[in-house]
Amino acid sequence: MHMTNEEYGRYVDALAPRSKTGKNLLNAFWVGGLICAIAQALLNGYQALGLDETTAGAAVSISLVLLSAILTGFAVYDDIAKFAGAGTLVPITGFANAVVAPAIEFQTEGFVLGTAAKMFTIAGPVIVYGLSASVLYGVIYWICSVI
């Protein structure tokens, strides 16, 4: 069978799956927004219980990390991530998932060499960079305040 380049291009276009970019963007947007709305509801709830804004913010972070870790442990977070894609990468929930998922995956290798060692495989560089950057920024801030 002999085809011209144009005929082959039309053939490939006819067989290629249609792009789901619009649907994926919409799912990422509303799921990410839902996670943020849950965080805001938690913040309002903690403040209604009498916590100041800083303490309530810390409680929200702890709650989101805990909820993400639990959902990851029950493989629910993975299903949500398959549906919502980047919408689940809201920083704190995505980070919790990045720490817990490898720990669960390698738990058969034992507590020390499996769970404990592998839980920072993905998140480790982020932690190291964050700590290093915060120390560097702190030193720069201190030098600028002394001058």
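Residues numbered from 1 in each chain as written. Predicted model: local features only at pLDDT ≥ 70, side-chain atom pairs only at ≥ 80, totals over all residues. Heavy atoms only, no water.

A. Spatial organisation of the overall build of the protein chain. Across its full length, the protein chain carries seven helices and zero strands. Tracing the protein chain from N to C terminus, the helices and strands come up as α-α-α-α-α-α-α. Here the protein chain, with 147 residues, has 22% of them falling under the buried criterion. Counting contacts in the protein chain only where the partners sit at least 6 residues apart, residues at least 24 apart contribute 48% of the total. Surface summary for the protein chain: the accessible area is close to 10,600 Å², and the carbon and sulfur share equals 71%. (Helix = DSSP H or I, 4+ residues; strand = E, 2+ residues; numbered from the N terminus. Buried < 20%, exposed > 50% of the residue type's maximum accessible area, 1.4 Å probe, protein only. Contact = heavy atoms within 4.5 Å. Areas by Shrake-Rupley, 256 points an atom, 1.4 Å probe, with all protein chains shown as cover.)

B. Broad picture of the environment of Y46. Among the structural elements, Y46 can be located in helix α2 (residues 21-48). The spacing of Y46 and A56 is ten residues in sequence and 5.4 Å in space, taken between C-alpha atoms.

C. How the structure looks around the packing of α2 against helix α3 (residues 53-73). Between α2 and α3, whose axes approach to 9 Å, the crossing angle comes to 135°. Considering their axes alone, α2 and α3 lie oblique with respect to each other. Here α2 runs over α3; the crossing is right-handed. On the side of α2, the interface is formed by A39, L42, L43, Y46 and Q47, while α3 contributes E53, A56, G57, A59, V60, S63 and L64. (Axes fitted to C-alpha atoms, helices over the stretch in contact; angles between N-to-C directions. Parallel < 35°, antiparallel > 145°, perpendicular 65-115°, else oblique. Left-handed = near helix turned anticlockwise from the far one by under 90°.)

D. Layout of the packing of α2 against helix α4 (residues 76-84). α4 packs onto α2 with a crossing angle of 135° between their chain directions and a minimal axis gap of 8 Å. When the interaxial angle is binned, α2 and α4 end up oblique. Taken together, the residues of α4 that come into contact with α2 (itself represented by N27, A28, W30 and V31) are I80, F83 and A84. Across the contact of α2 with α4, the residue classes tally to six nonpolar, one polar and no charged. (Nonpolar A, V, L, I, M, F, W, Y, C, P; charged D, E, K, R; others polar.)

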